[in-house]
Structures are given as C-alpha cells and as structure tokens.
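Working through the structure, step by step
In case you want the letters, here they are:
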Amino acid sequence: MASRTPRTLADRLPPAWTALVALLAGTAGVAGSFAVASFTPAFVAGPIAGFLARRLPGSVITFGIVVLGDLGSQLNVVTALVLSVLLFAGAALAALGLGRRLDRLVAGPVAAASVAAVAFVVTGALVSSLGAGVATGVVVAVADLVATRGVPTTLGSESGNPRTERRRVLAAVATALPLAVGGYVLGAQRQRQSSTTESTVDVGQPWAGPDVDALLAEATEKSLGVDGLEPLVSDQFYEVDINSTNPTVDASEWTLTVTGAVDEEVSYSYADVATMDPEHRFVSLRCVGESLNGKKLDNALWTGVPIMDLVEPAGVSEGCCVMLRAADGFYEEFPLSALRDGFLAFGMNGDVLPVGHGYPARALIPGHWGEINVKWLTEIEILERPEDGYWEKRGWHGTGPVNTVAKLHVVTDLGDGRKRVAGHAYAGTRGIERVEVSVDGGRTWADATLSEPLPGTDVWRQWLYSYDRPADEHEVVVRATDGTGTLQSREEASPFPSGPSGWVSRTVQGR
Ligand SMILES: Nc1nc2c(c(=O)[nH]1)N[C@H]1C(S)=C(S)[C@@H](COP(=O)(O)O)O[C@H]1N2
Ligand SMILES: [Mo]
C-alpha cells in the first residue's frame with residue numbers, strides 16, 4: 001500500500017469518525033431527552049412520530065394500520081427515534097465544525113446548546129431539551145478531552161495522528177453507551193410511575209366503592225374462566241391513538257366546554273364533573289381498524305355521568321351533529337342522536353381513568369366504533385352541518401355502529417378426547433343472542449355456550465364450545481347472531497374503510 005503524505009485533507013480529518021462521534025452524541029441526546037421526559041410529548045421522538053402520523057399520506061397510514069397492525073405503529077416510533085438521533089447528530093456535527101475553529105473547551109458546550117435548541121424547537125419543553133443538550137455535551141466534551149489529552153489542538157484540527165482520532169471515537173463510545181443506557185433506564189422508570197394515575201384534583205374516589213366492587217365481582221363470576229381468554233372485564237384493555245405518546249393533561253387545569261350551535265357556551269372543571277352523582281356502566285369498545293379476529297375489542301366498567309347532563313345546560317335547539325375535540329389534537333364528528341346515550345367517563349374498573357385511556361375524561365358512545373369514543377376530551381361542539389373527523393379525512397368510515405363479530409381466540413385439547421374452542425362476541429347495542437360453531441368448515445352448526453350477559457346495553461359476551469376430537473385436521477368456523485336476530489355477515493371485507501367483516505375460521509389439528 002502506498003504510504004500517504006500526512007497533512008492531506010483525508011488524513012487530517014477522517015469524516016466518518018467525526019460523523020460517528022456526532023451520531024453517538026445524538027444518541028446520548030435522545031437518551032437524555034427520554035430520561036427527563038419519558039415517553040411523553042416532551043420527549044423529542046414524540047412530536048416527530050406524531051408529525052409523521054399526521055402528515056404521511058392516508059394510504060400509507062392505512063397500509064400501516066391494516067397490513068402491519070401494531071407493527072405499523074412500532075415502525076412509526078422506530079422511524080421517529082432514528083430521525084431524532086439524526087437531527088441531534090446534525091446539530092452536534094454543526095457544533096463540531098464550529099468547535100474546530102473555536103477553543104476545544106467550548107466544543108462540548110456548543111454541541112450541548114445546539115442540540116438543546118433543536119430539541120426545544122421540536123418539543124417546546126425546556127427541561128427535556130436541557131437533558132438532551134447536557135447528555136450530548138458530555139459525550140462531545142469527554143471525547144474531545146480524551147482524544148486531545150496532551151495534544152494542544154482544538155477539536156477537529158488534527159495532530160496528523162490517526163490514533164488521536166481513534167481515541168476520540170473510543171472515548172465517545174465509552175461515554176455515550178452508559179449515558180444512553182442510563183437515560184433509557186431512567187425514562188422507563190418514569191414511564192412506569194406515570195402509568196398509574198393519581199388525579200391532581202381531590203374529588204374523593206367516585207370511581208371506587210362497594211357498587212363498583214360488586215359489579216366487578218359480578219363480571220368475574222360471569223366470566224367463563226377459560227385459560228388464555230380475557231375475562232369479561234379485560235385484564236389488558238387495548239389502546240389506539242393517533243400519537244405514540246399520551247398528552248399530559250393536568251386535571252386542575254382541564255376544562256370541558258360545550259360550544260357551537262348552543263344558546264350559551266358552558267364550561268366544566270374536573271371537580272364539577274367528578275362530583276356529580278356518578279354512574280357505573282359496563283361498555284365494550286372495538287376499533288374499526290382491527291383485523292377480523294384481532295384483539296382490539298375489550299370491555300371495562302366505567303364510572304362517569306351521562307354526557308347530555310353536561311350538554312343540555314348549554315341549550316341545544318338546532319344542530320345535526322357533534323364534533324368531539326381532544327387535548328391530543330384528535331377530533332371526531334357524528335350525529336347528535338348518537339350523543340344522546342353518550343357517557344363521560346372519568347373512572348375505569350374502580351380506578352381513576354388511566355392516562356392511556358383518556359385521563360381526565362373520555363366519551364363513550366354506545367355501540368359505535370372506538371374512534372368516536374374520544375379520549376382526553378376538551379370540547380363538545382354542536383354542529384349545524386356534518387363535517388369530517390380526523391379519520392374520515394383519511395378515508396375511513398368509522399363513526400357508525402359496530403359490525404357483529406364472533407372471535408375465536410383459544411383452542412384447547414382437553415385431553416379426554418375432546419377439544420374446546422372459545423372467544424368473545426360483540427354486536428354493540430344490538431347485543432349478542434347466539435354464537436354458533438361449525439367444526440366441519442361450515443357444513444353443520446351447533447350452539448356455543450354463552451356467558452351470562454353483564455348488565456348494560458353495550459357489552460360483549462364470551463362463548464365456548466367443546467366437541468369430540470376428529471381424527472383429521474378440520475376447519476372451525478364461528479358466527480354470531482345479534483339481538484335483532486340478524487346473522488353476522490359472511491361477506492369478507494378488510495378493515496378499511498368501514499370495519500372488518502366475514503366469519504372467523506381456523507384450521508385445527510386432529511388427533
Ligand atoms: N383523543 C383521542 N381519542 C381517541 C383516539 C385518539 O387517538 N385520540 N383514538 C380512538 C380510537 S381509533 C379508538 S379505537 C379508541 C380506543 O380507546 P382505548 O385506547 O381506550 O382502547 O379511542 C378513540 N379515541
Ligand atoms: Mo380505532
């Protein structure tokens with residue numbers, strides 16, 4: 001290999017190494033932001049993920065929801081993380097360039113300041129920006145100090161010795177790694193703490209008490225107790241949001257306002273709402289974007305008040321429709337008639353409403369697809385003519401009543417020559433009257449056993465069916481009949497645009 005003359009440009013500054021230091025500094029910065037903010041909108045990747053979700057073409061989002069499912073939202077978060085690192089690395093790189101001309105002692109602080117500035121522009125949150133800046137600055141400063149120890153150069157102006165550069169990179173790795181791990185651990189810890197909500201406003205505990213305990217006990221008792229099948233009150237209630245981070249809403253500052261075509265706007269504080277005489281209702285929710293046999297169908301016991309008790313004082317005389325608006329920028333519109341049976345929930349399963357499910361308060365619109373059950377609700381606007389909601393602007397038709405479905409979630413070999421299949425069935429306010437099972441691909445049908453209905457007008461049921469194990473592989477098909485006597489539609493449809501339909505079937509092994 002030909003020996004190179006030192007002091008050519010390439011020898012003076014291997015750009016790949018500088019870029020690597022910048023990337024490491026960017027990673028540390030993202031970790032610093034996470035340490036301070038955890039997974040909230042103050043975390044730099046939060047607004048970026050939200051921006052992607054909002055600005056990407058509807059078709060891309062729909063592909064993410066329908067084809068990729070949960071992977072789609074994970075992909076969104078990963079993309080946002082990568083973009084955050086690149087953004088910070090870019091800012092650090094610019095600072096390194098500047099540092100080359102300035103004294104080496106300022107390289108760290110300059111990198112810190114530029115990353116903090118970028119973070120602040122993205123999140124608007126000062127504290128998490130400082131966290132990001134400090135972490136970045138530490139990496140750059142340590143890398144620089146170690147690399148140039150005893151070498152009287154400014155950062156980036158080279159001694160002509162590649163070992164110096166290598167030391168700089170190693171130092172950057174050695175500081176960025178623990179910083180990134182530490183930031184992740186700290187943020188994850190904060191995340192766990194914040195997932196158990198405690199309201200900032202003391203209203204007693206309207207969501208707890210003997211009534212709630214009795215209803216929850218009733219749900220436990222009525223559950224069929226099939227291993228692996230969610231009980232009638234879900235252990236793990238699904239979450240679907242337009243953003244990857246939950247908005248942080250302080251109950252002491254939260255208000256719910258009734259606006260639009262009303263005689264007079266009315267506003268409620270958290271205490272106003274949560275000190276009204278509470279009701280406890282079982283209500284199931286199902287997402288229009290889930291797959292036919294998906295798991296985005298759940299049930300809970302909600303505590304709250306009839307939503308019209310809050311709307312009527314405003315005086316609603318005309319108006320066809322209503323737009324619900326939320327603290328995360330989400331909005332959905334639907335006919336006023338559907339609001340009439342609506343509920344405003346501030347409690348869930350005996351606890352204060354969790355952040356992920358809409359704390360301080362959310363709407364529950366019986367029998368309708370999940371999307372109009374707006375979380376973090378801040379405004380109820382009465383409209384005089386229809387408008388598109390967030391998802392309808394993106395081509396969905398998810399504001400109407402749910403489709404009837406019977407899902408098959410568990411297949412068990414009972415070990416006594418029989419098999420057992422089980423699942424949930426749901427038809428919104430129409431209720432579930434019957435679930436049938438075929439173990440021969442749809443030729444013959446038998447009735448499944450249903451769980452006793454829970455009190456309420458919008459609740460799912462569990463079903464189970466046991467049968468003698470055939471020798472061969474066979475096709476199990478399930479279908480539900482709703483409370484109006486209508487059989488679940490057999491016609492197969494993708495979730496987009498108006499919810500999945502068809503009969504769930506599954507191939508089961510024989511003996
Ligand atoms: N503010 C707000 N409300 C929202 C959403 C949202 O992204 N933001 N998602 C909707 C959708 S698509 C569904 S399916 C339900 C899910 O409610 P859950 O997350 O409590 O299960 O909330 C709805 N309410
Ligand atoms: Mo949804």
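Residues numbered from 1 in each chain as written. Chains lettered and ligands numbered in written order. Predicted model: local features only at pLDDT ≥ 70, side-chain atom pairs only at ≥ 80, totals over all residues. Heavy atoms only, no water.

**Examining the overall build of the protein**
Threshold: What counts as a helix is a DSSP run of H or I of at least four residues, what counts as a strand is a run of E of at least two, and both are numbered from the N terminus. Any pair of residues with heavy atoms lying within 4.5 Å of one another is described as a contacting pair. For accessible areas, the Shrake-Rupley method is used with a probe of radius 1.4 Å. Any residue's cover is judged against the shown protein chains and nothing else. This count recognises Lys and Arg as positive and Asp and Glu as negative, with His and chain-terminal groups excluded. Just so you know, the charge point we use is NZ for Lys, CZ for Arg, CG for Asp and CD for Glu.
Looking only at helices and strands, the protein has twelve helices and 19 strands in total. C-alpha extents for the protein along the principal axes are approximately 85 × 70 × 45 Å. Within the protein, residue pairs in contact and separated by at least 24 positions form 75% of the contacts whose partners lie at least 6 positions apart. As displayed, the protein offers around 22,800 Å² of accessible surface, 56% of which is attributable to carbon and sulfur atoms. Mean positive and mean negative side-chain charge positions of the protein (40 and 57 charges, respectively) differ by 15 Å.

**Side note on the UniProt feature "transmembrane region" (unreviewed entry) in the protein**
Short version of the rule: UniProt positions are given in the numbering used here, feature names are shortened, and annotations may be inferred rather than shown by experiment.
Under the UniProt annotation, "transmembrane region" (unreviewed entry) lies at residues 20-44, 78-98, 105-124, 130-148 and 169-187. Spanning residues 78-98, this segment combines 100% helix with 0% strand, and its end C-alpha atoms are found 30 Å apart. For the annotated span residues 169-187, helix accounts for 100% and strand for 0% of the residues, and the straight-line distance between the end C-alpha atoms is 26 Å.

**Looking at the pairing of strand β17 (residues 461-468)**
What counts, and what does not: Exposure categories follow from relative accessible area, calculated using a 1.4 Å probe and restricted to protein chains: below 20% of the type maximum is buried, above 50% is exposed, and the middle band is partly exposed. For two strands to pair, DSSP has to find at least two bridges joining them.
Extensive coverage of β17 is indicated by the burial of six of its eight residues. Strand direction decides the pairing type here: strand β13 (residues 418-426) and β17, joined by eight bridges, are antiparallel. When the sheet's bridge partners are listed, glycine 423 is paired in β17 with tryptophan 463. As paired strands, strand β16 (residues 449-450) and β17 are joined by two bridges and run antiparallel to one another. For threonine 449, the partnering residue across the bridge sits in β17 and is leucine 464.

**Focus: the domain arrangement of the protein**
Size of an interface: often given as the accessible area lost when the parts come together. Using the following cut-off: Domain delimitation follows an automatic or database domain assignment.
Taken domain by domain, the protein comprises domain 1 (9-194), domain 2 (210-221 + 230-394) and domain 3 (405-508). Each of domain 1 and domain 3 was reduced to a C-alpha centroid, and the two centroids are 50 Å apart.

**Quick notes on a negative patch on the surface**
In plain terms, the rule: In this analysis, a patch consists of residues with relative accessible area above 30% that form no salt bridge, clustered at 9 Å for like charges and at 5 Å for the nonpolar side chains Val, Leu, Ile, Met, Phe, Trp and Tyr. By definition, a salt bridge exists where a carboxyl oxygen of Asp or Glu is found within 4 Å of a side-chain nitrogen of Lys or Arg.
Residues Asp263, Glu264, Glu265, Glu318 and Glu384 make up a contiguous surface patch of negative charge. Secondary-structure assignment places glutamate 384 in the loop between β10 (377-383) and β11 (405-406).

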